[in-house]
Amino acid sequence: MDASQTNTIVARDLLAAVGEVMLRWGYLESAMLKALGGSSRAPVVQRWLTMAEPGAGIADEIKDAAAVRHLLAHGLCEIQARPRHGGEAEVVCRDPDDVLVRITFGRLREVAQSLDRLRLGIEATSRS
């Protein structure tokens, strides 16, 4: 989705995209737990990355999605969705170093799709 398509996004759409990323992250963690066969006190993503030994590309994709999820879960502080002013709708998050990070609507959609691909891959591998 290019900026010309996203300049009509309103706050409701932007917040729905944030929720979609968070929900799909939960689905991914559930698939990882199922593949690992149980739970423990260690964070599921760290356990899965260690035990499943995914390829570098998949590990990087998971780490990238985890970074976005972490920003949304722990640092979301503002949304900017002004369709009449142009530009792409975005959320603003504060990272642990107190730096503001902007995540566009398009990026949120990309991460949501990435999370689905990752989950489907884990589920397919678990069935094999």
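It should be noted that the structure appears before, not after, this text.
Small disclaimer: the values here were computed from a predicted structure and weren't measured.

As a further point, take unusual backbone geometry. A positive phi is found at D98, a non-glycine position, where the angle reads about 65 degrees. Looking at D98, the relative accessible area reads 52%, which means it is exposed.

A few words on the packing of helix α2 (residues 11-36) against helix α3 (residues 44-52). Packing of α2 against α3 leaves a shortest axis separation of 10 Å and a crossing angle of 50 degrees. Accordingly, the angle class assigned to the pair α2 and α3 is oblique. Regarding α2 and α3, the two cross each other, and that crossing is left-handed. Across the interface between the two elements, W25, E29, M32, L33, A35 and L36 from α2 touch V44, V45, R47, W48 and M51 from α3. Residue classes in the contact of α2 with α3 are distributed as 9 nonpolar, no polar and 2 charged.

As for its position among the elements, L118 is in helix α5 (residues 105-127). The class of L118 is buried, set by a relative accessible area of 8%. When the C-alpha positions of L118 and M32 are compared, they lie 9.8 Å apart, and in sequence the two are 86 residues distant. Non-local contacts of L118, meaning those with residues more than four positions away in its chain, are made with L28, I58, E61 and I62.

Quick notes on the rules
Residues numbered from 1 in each chain as written. Predicted model: local features only at pLDDT ≥ 70, side-chain atom pairs only at ≥ 80, totals over all residues. Heavy atoms only, no water. Buried < 20%, exposed > 50% of the residue type's maximum accessible area, 1.4 Å probe, protein only. Axes fitted to C-alpha atoms, helices over the stretch in contact; angles between N-to-C directions. Helix = DSSP H or I, 4+ residues; strand = E, 2+ residues; numbered from the N terminus. Parallel < 35°, antiparallel > 145°, perpendicular 65-115°, else oblique. Left-handed = near helix turned anticlockwise from the far one by under 90°. Contact = heavy atoms within 4.5 Å. Nonpolar A, V, L, I, M, F, W, Y, C, P; charged D, E, K, R; others polar.

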